[in-house]
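Summary of the model geometry
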Amino acid sequence: MRPDGYNECGGEGMGTDGATYADQKKVFDDLGQGVLNNAYEGYNSCLFAYGQTGAGKSYSMVGYGVNKGIVPISCDEIFKRIEEQKASSPDKYQFQVTIQMLEIYNEQVRDLFSKTNPSGGLKVGSHLFFML
């Protein structure tokens, strides 16, 4: 078993010694860091995990035990950067961090941070806004 707890055995190309294995740090470096860089530039950012049940979406996004996923690693990085900015220029910056985690399952949207969700899921719609 590896120090990060990974011990799954698989076929050719699988497992920790295979060319296709990506640990949580690699997944964050390849996907999460780019999303964070855009957020630092002032853009709204979104990371979307899609796949069949058991494919590893939750593990990649949240992680398990010592194997932090993209979301907790991103949170660590965001608050580390805020502390660095505050230390270098305490009066120059203001910070506001918001996060949402939603699940779309069986065509219903649930807020994963809410203890209660409406029956049938959250209302989904689009809003058009025109400036003249």
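Residues numbered from 1 in each chain as written. Predicted model: local features only at pLDDT ≥ 70, side-chain atom pairs only at ≥ 80, totals over all residues. Heavy atoms only, no water.

Turning our eyes to something else, we now look at the overall build of the protein chain. Check the secondary structure of the protein chain and you find three helices and four strands. In the protein chain, the succession of helices and strands from N to C terminus is α-α-β-β-α-β-β. Going through the 132 residues of the protein chain one by one, you find that 17% of them count as buried. Surface accessibility of the protein chain: about 11200 Å² in total, with carbon and sulfur atoms responsible for 53%. (Helix = DSSP H or I, 4+ residues; strand = E, 2+ residues; numbered from the N terminus. Buried < 20%, exposed > 50% of the residue type's maximum accessible area, 1.4 Å probe, protein only. Areas by Shrake-Rupley, 256 points an atom, 1.4 Å probe, with all protein chains shown as cover.)

Our focus in this paragraph is the nonpolar core. In this structure, Val 27, Phe 28, Leu 36, Ile 70, Ile 73, Ile 78 and Ile 82 together form the largest nonpolar core, which totals seven residues. Elements with a minimum of two residues in this core: helix H1 (24-40) and helix H3 (70-88). With four residues, H3 is the largest single contributor of residues to this core. Non-local contacts of Ile 82, meaning those with residues more than four positions away in its chain, are made with Phe 95 and Val 97. (Core = buried A, V, L, I, M, F, W, Y, C linked by side-chain atoms within 4.5 Å. Contact = heavy atoms within 4.5 Å.)

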